[in-house]
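So the chains spell out like this:
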Number of protein chains: 2
Amino acid sequence: MTVNPRATKEITQAVHESFEHTPSPRLRRIMQSLVTHLHAFVTDVELTEDEWAKAIEILTATGHITDDKRQEFILWSDTLGVSMLVDALAHPAPDGATESTILGPFYVPGSPLRPLGSSMAEQEAGTPAHIFGQVRGLDGKPIAGAELDVWQNGDNRLYAVQDPDAPEFHLRGRFRTDDDGRFSFWAVRPVPYAIPDDGPVGKMLNATARHPWRAAHVHLVVKAPGYRSLTTHIFDAESDYLDSDTVFAVKESLCLSFTEHGADDPGRPEHVTGPWVSLDLPLVLAPSDGEDGVVTDRGRTH
Amino acid sequence: MTVNPRATKEITQAVHESFEHTPSPRLRRIMQSLVTHLHAFVTDVELTEDEWAKAIEILTATGHITDDKRQEFILWSDTLGVSMLVDALAHPAPDGATESTILGPFYVPGSPLRPLGSSMAEQEAGTPAHIFGQVRGLDGKPIAGAELDVWQNGDNRLYAVQDPDAPEFHLRGRFRTDDDGRFSFWAVRPVPYAIPDDGPVGKMLNATARHPWRAAHVHLVVKAPGYRSLTTHIFDAESDYLDSDTVFAVKESLCLSFTEHGADDPGRPEHVTGPWVSLDLPLVLAPSDGEDGVVTDRGRTH
């Protein structure tokens, strides 16, 4: 017995029409497009009743594992590439500006403003990394007073927000560029880490022979009046998983090479006792087109 | 600044390719189709970061309101017409067989087998309705021993499973056809009811100027060896909401006219004290094509 294509088209059309009287034109467009594409998916794969029941079960489990610290729906969005797609639609960087990538689920607002040159590692967390550079406009002009909001994981693979033993502000900090647009701070060389994979997303990755690893990176949000906010990562160009980052966040221009320094390097600062790395990080912001580049705390439930 | 279509296509392609090594060809097809259609939706509407954040919030609220009695994800599936689409794909009725419709979230297995002619109303629940008829094959041959599993709401608009004051088996029952394929039982005339609308789905219906009402109906699952199981409703042809049933379950062939009888009708049975209605219900089953028509309890979480 074959499916009657007219019957399925009639259902899709009836649902589409049911949204015809939505007062908000934007919501109407979103709901009608959602119906069109959702029905096309179900029809294309001829989703069975058992598969539908399994999908309901997976969504239910996703809802039940999600709380104010674990956001499994964002993990689905990330691992299905939806987060990167939304980012690409929102931040089409013009030629020459630093490219953006996703915010991720570990951003926490309210990091302390730290002095230039200081370290955001409040306890031992891996190989010290000196990150410095200049923030400029597309015209090459230095941007004084730009703010960098920086966060990363340590060599235990955890962000402070995930680690009950870490100080609240460990590996988080805000830095302001000087009059010449320059900044400098100490972080640690980032290490790859697995996204939480003990829930429904982990089961999907396993069933599809994908891995849960993210390439090593440091998160940055850069803001300056008159410029578009930049949400991005610096990836360690030596990291594993650059070509298979599980949330599809890697862009070639964001992969940068850390310079390695031995403990006997004459440039070693006093607070460093062993080998370290350094990175000259040029950051280029596009001019604002009127929007205020406010960072929303979109990665967390309240 | 316009979006670079190449950038969004590259993301979609990368995510599609990430599922290339999925061991199960069926799962690979489902995931790749899901990615294609989900990305097409996001791209078509140019979903903003704020809208994405709102979607995450709605999914999270959906997960948190869902428990073992309330299934908000199924309500989304129902109100977006996905449930009916899956039904249409699974049960393409051949000409002449009774059409199917959705199972709905209120099916509970294990209803008692009741004698033909008895009532499944265990307390007062509205206008008595005598429902009787014959189960036949496509060839017109009566089917003896077919089982009807029947459930409906009462005039308080609730199913027994929703109503802590109702006996467990109230308005639920199984009936077996006699040697001539005939059945007869007493129910009540169904009334329209609103799906639960105090959660995210209710907010969507409100924001899109849709209503939460279902046209009045009685649920049936009909099974007989050698025939395809039939999951369907009988709709009261006099009901409101037939043309705007909120889960899109109405099919014209399932809208049947109850005959009204006054209290002075000489045919009034002893157990009925006032007016009643009756319905002659022909049911036609398609031959099984080898599948066992097992009713799965797909409407409920365990």
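Criteria and cut-off values
Residues numbered from 1 in each chain as written. Chains lettered and ligands numbered in written order. Predicted model: local features only at pLDDT ≥ 70, side-chain atom pairs only at ≥ 80, totals over all residues. Heavy atoms only, no water. UniProt positions renumbered as here; feature names shortened; annotations may be inferred. Helix = DSSP H or I, 4+ residues; strand = E, 2+ residues; numbered from the N terminus. Buried < 20%, exposed > 50% of the residue type's maximum accessible area, 1.4 Å probe, protein only. Contact = heavy atoms within 4.5 Å. Areas by Shrake-Rupley, 256 points an atom, 1.4 Å probe, with all protein chains shown as cover. Least-squares fit on C-alpha atoms with pLDDT ≥ 70 in both. Pairing = 2+ DSSP bridges. Phe/Tyr/Trp six-rings, centres within 6.5 Å; stacked < 30°, edge-to-face > 60°.

- Per an unreviewed UniProt entry, chain A goes by the name 6-chlorohydroxyquinol-1,2-dioxygenase and belongs to Amycolatopsis pithecellobii.
- Looking at the Cofactor (unreviewed entry) heading of the UniProt record, one finds this comment for chain A: "Fe(3+)".

Here we look at the overall build of chain A
In step 1: Regarding its fold elements, chain A presents six helices and twelve strands.
In step 2: In terms of its C-alpha atoms, chain A occupies a principal-axis envelope of roughly 80 × 40 × 30 Å.
In step 3: Evaluated residue by residue, chain A yields a buried proportion of 52% over its 302 residues.
In step 4: Taking contacts inside chain A between residues at least 6 apart in sequence as the whole, the part at least 24 apart equals 72%.
In step 5: Total accessible area on chain A is roughly 13300 Å²; 52% of this is exposed by carbon and sulfur atoms.

Structural notes on the relation of the copies chain B and chain A
In step 1: Of the transformation placing chain B onto chain A, the axial shift is 0.0 Å and the rotation is 180°, giving an RMSD of 0.0 Å. A rotation of that kind, with that shift, is consistent with a two-fold axis. Using C-alpha coordinates, one finds that chain B approaches the rotation axis most closely at Gly63(B), a distance of 1.8 Å.
In step 2: When you check the interface residues of chain B against chain A, 100% turn up at the interface there too, and the contact is symmetric in its surfaces.

Some thoughts on the sheet that holds strand β2 (residues 147-151) of chain B
All names here are of chain B.
In step 1: With respect to topology, five strands assemble into an open sheet ordered β3-β2-β7-β8-β9, the strand pairing being mixed. Each edge of the sheet is formed by a strand with only one pairing partner; in this case those strands are β3 (172-176) and β9 (255-256).
In step 2: For β2 and β3, the ladder comprises five bridges, and the chain directions are antiparallel. Residue Val-150 lies in a different strand from β3, and its bridge partner there is Gly-173.

Overview of unusual backbone geometry
Residues and elements named next belong to chain B.
In step 1: The backbone of Arg-157 sits at a positive phi, close to 70°, despite the residue not being glycine.
In step 2: Residue placement: Arg-157 occurs in the loop between β2 and β3.
In step 3: Using a relative accessible area of 38% as the deciding quantity, one classes Arg-157 as partly exposed.
In step 4: A positive phi is found at Phe-248, a non-glycine position, where the angle reads about 65°.
In step 5: You can see Phe-248 is positioned in the loop between β8 (230-236) and β9.

A word on the packing of aromatic side chains
In step 1: Under the definition given, this model contains 15 aromatic pairs over all chains.
In step 2: Ring centres of Tyr159(A) and Tyr193(A) lie 5.4 Å apart, and the angle between their planes is 85°; on these two criteria the pair is classed as edge-to-face. Here Tyr159(A) is found in the loop between β2 (147-151) and β3 (172-176), whereas its partner Tyr193(A) is found in strand β5 (residues 193-194), with 34 residues between them in sequence.
In step 3: Here Tyr159(A) falls in the buried class, since its relative accessible area comes to 3%.
In step 4: Judged by its relative accessible area of 3%, Tyr193(A) falls in the buried class.
In step 5: Relative to Trp151(B), the ring of Tyr107(B) has its centre 4.7 Å away and its plane inclined at 55°; by these criteria the two rings are tilted. Of this pair, Tyr107(B) sits in the loop between α5 (82-90) and β1 (128-137) while Trp151(B) sits in strand β2, and the two are 44 residues apart along the sequence.

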